[in-house]
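In case you want the letters, here they are:
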Amino acid sequence: MSGLGVRTENLTVRYSGVPAVDGLDLRLAPGKIHGLLGRNGSGKSTLAATLAGFRQPSDGRVLIESDEYDGAREPYEDAIVTSRVCLIRESGDLTDSAPVKHVLGLASSLRPYWDQDLAGELLDKFEVPTRQKVQKLSRGKKSALGVVLGIASRAPLTIFDESYLGMDVPSRNLFYDVLLADYAEVPRTIVLSTHLVSEVSSLLEEVVILDQGKLVTQAPVDSLRGRGASIVGPAAMVDELTAELTVLAEQRLGGTKSVTVLGDLEEAFLAKARSAGLEIGQVGLQELFVHLTGATHQKVSKR
Ligand SMILES: Nc1ncnc2c1ncn2[C@@H]1O[C@H](COP(=O)(O)OP(=O)(O)OP(=O)(O)O)[C@@H](O)[C@H]1O
């Protein structure tokens, strides 16, 4: 199993006529970890629910591709596809009055690739009490239960829709570690929907960035990082060399300045900067995300 591929064609989802997802043409390659990034209200949850077949497109379509069923199928009301797609949402979608172990039993009966031993191991790691009713779990433990269900389902397409936000930082770090370890063992298509870009950036291979329901960009993380650079060195020299560039952010400490710039930097520029003793580094995904989704329009300057 290497995971399901996803394609959307002009995908549009409206609520009372207002588009939450607006004409998306996407392609998620199978077997990779994709980040679905966007600010609050950008349409991430709506897209995630539509990819998982929980919601019907208003226009356009979603196609889930697999060698297993030889072609592409639309997920909405398709039991074959939906048994292979696991969506974990922060709301949990769990039966509150049932004990945790009952929820696990249900998952094992619905999920064709379910791994019971893995589920037990992960519940121990996240310290989720299995005899307790779901409604009595703390928010963090409920999130952890969702994460355990998502990983142990080993679904060929697994989507975590901000499902780990209720967890504290050590638990979220544990989630990233166990997800990566299990993905290395059983590669599949994973989508992490989040606005905690800096936390997940090291996990991601590809990112989709949404803004107001529209696609801002879809690209491999490395190529996105190549769209900018950080430049550090003596302030006067940094100012001189970056005068014509779009500056996303800058910081000054004494005579040293660090700026983050956008755009492909030419070899001649890089050579000049290095010979002037400036340090050139990669730009953080978080900074690019903030810029691409327009959150810092005031901060961006073209000097
Ligand atoms: N059930 C609904 N009924 C009406 N409007 C909705 C519904 N669900 C979402 N919306 C609207 O659709 C838009 C996209 O919302 P969505 O929840 O998909 O975004 P999101 O990126 O997941 O946001 P967040 O990060 O805040 O969870 C928002 O304007 C939201 O108000």
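Residues numbered from 1 in each chain as written. Predicted model: local features only at pLDDT ≥ 70, side-chain atom pairs only at ≥ 80, totals over all residues.

Engineer: Whenever I open this one, the overall build of the protein chain confuses me. Can you help?
Structural biologist: Looking only at helices and strands, the protein chain has 11 helices and 15 strands in total. Projected onto its principal axes, the C-alpha coordinates of the protein chain cover approximately 65 × 40 × 35 Å. In the protein chain, which comprises 303 residues, the share counted as buried stands at 39%. Within the protein chain, contacts between residues at least 6 apart in sequence are counted, and of these 70% link residues at least 24 apart. (Helix = DSSP H or I, 4+ residues; strand = E, 2+ residues; numbered from the N terminus. Buried ≥ 20, exposed ≤ 12 C-beta atoms within 10 Å, placed from the backbone. Contact = placed C-beta atoms within 7 Å.)

Engineer: Would you explain the sheet that holds strand E5 (residues 71-73) in this entry?
Structural biologist: If you trace the four strands from one edge of the open sheet to the other, you get E2-E1-E4-E5, paired in antiparallel fashion. The two strands at the open ends of the sheet, each matched to only one other strand, are strand E2 (18-28) and E5. Each neighbouring strand pair of the sheet contributes to a mean axis angle of 25°, computed without reference to strand direction. Here strand E1 (residues 5-15) pairs with strand E4 (residues 59-66) via six bridges, running antiparallel. What sits directly across from glycine 5, in E4, is glutamate 65. (Pairing = 2+ DSSP bridges. Axes fitted to C-alpha atoms, helices over the stretch in contact; angles between N-to-C directions.)

Engineer: Help me understand the site of the ligand, please; the structure alone is not making it clear to me.
Structural biologist: Neighbouring the ligand are Tyr15, Ala20, Gly38, Asn40, Gly41, Ser42, Gly43, Lys44, Ser45, Thr46 and His195. In terms of residues, the shell around the ligand owes the most to one element, helix H1 (residues 44-51), which gives three residues. Taken together, the residues of the shell around the ligand sort by class into two nonpolar, eight polar and one charged. (Near = placed C-beta within 6 Å. Nonpolar A, V, L, I, M, F, W, Y, C, P; charged D, E, K, R; others polar.)

Engineer: Mind showing me how you'd approach helix H3 (residues 100-110) here?
Structural biologist: In an α-helix, one full turn covers 3.6 residues, which means residues spaced three or four apart are oriented alike. Buried within H3 are the following residues: Val100, Val103 and Leu104. End-on view of H3: buried residues confined to an arc of 100°, all on one side of the axis. Taken together, the buried residues of H3 touch helix H4 (116-125) and helix H5 (139-152). (Arc of directions from axis to C-beta.)

Engineer: Explain the sheet that holds strand E7 (residues 157-161) here, please?
Structural biologist: Think of a sheet as strands paired side by side through backbone hydrogen bonds, with each pair either parallel or antiparallel. Strands sit in the order E6-E7-E8-E3-E9-E10 across an open sheet of six strands; the sheet is mixed. The sheet is open, and its two borders are formed by strand E6 (85-89) and strand E10 (214-220), each paired with just one other strand. Strand after strand, the sheet turns through a mean of 15° between neighbouring axes, direction not considered. Judged from the five bridges that link them, strand E3 (residues 33-38) and strand E8 (residues 189-194) form a sheet pairing that is parallel. Paired with leucine 37 across the strands is threonine 194, a residue of E8. The strands touched by H1 are E3, E6, E7, E8 and strand E9 (206-211); relative to E7, the strand with the most contacts, the crossing angle is about 155°.

Engineer: Just checking my understanding: could you explain the packing of H5 against helix H6 (residues 169-185) for this structure?
Structural biologist: Between two packed helices, what matters for the description is the angle formed by their axes and the separation of those axes. Orientation of H5 relative to H6, taken along the N-to-C sense of each, is 5°, at an axis distance of 11 Å. On the basis of their axis angle, the class for H5 and H6 is roughly parallel. Taking contact as the criterion, the partners of Gly140, Ala144, Val147 and Ile151 in H5 are, on H6, Ser171, Phe175, Val178, Leu179 and Asp182. Taken together, the residues of the contact of H5 with H6 sort by class into six nonpolar, two polar and one charged. (Parallel < 35°, antiparallel > 145°, perpendicular 65-115°, else oblique.)

Engineer: Just to check I follow, could you spell out H4 for this structure?
Structural biologist: Inspection of H4 places Ala119, Leu122 and Leu123 among the buried residues, and these make up the whole buried set. Seen end-on, H4 carries its buried residues on one side only, within an arc spanning 105°. Of the residues in H4, the exposed ones pointing more than 90 degrees away from the buried face are Asp117 and Asp124. Elements that come into contact with the buried residues of H4 comprise H3, H5 and H6. Just beyond H4, the residue with positive phi is glutamate 127, at close to 55°.

Engineer: What is the right way to look at the confidence of the model for the protein chain in this model?
Structural biologist: For any part of a model where pLDDT is low, the fine detail of the predicted coordinates should not be relied upon. A residue-level look at the protein chain finds 96% of positions with pLDDT of 70 or above and a mean pLDDT of 90. Scored below 50 in pLDDT, residues 296-303 makes 10 contacts in the model with residues more than four places away or belonging to other chains. Here the predicted complex scores 0.88 on pTM and 0.97 on ipTM. (pLDDT = per-residue confidence, 0-100.)

Engineer: Can you walk me through the pairing of E3 in this structure?
Structural biologist: Here E3 lies mainly inside the structure; six of its six residues are buried. Where burial is concerned, the two faces of E3 agree: the one with Ile33, Gly35 and Leu37 and the one with His34, Leu36 and Gly38 are both buried. In terms of strand pairing, E3 meets E9 through five bridges, oriented parallel. Each bridged residue has a counterpart across the sheet, and for leucine 37 the counterpart in E9 is isoleucine 209.

Engineer: What am I meant to see in the nonpolar core here?
Structural biologist: Where a protein is soluble and globular, its nonpolar side chains tend to be buried together. Of all hydrophobic cores here, the largest spans 70 residues; its most connected members are Ala48, Val85, Val148 and Ile159. If you tally residues by element for this core, the top one is H5, at seven residues. Setting aside residues up to four positions removed in sequence, isoleucine 159 forms contacts with Ala48, Leu51, Ala52, Leu87, Val191 and Ser193. (Core = buried A, V, L, I, M, F, W, Y, C linked by C-beta atoms within 7 Å.)

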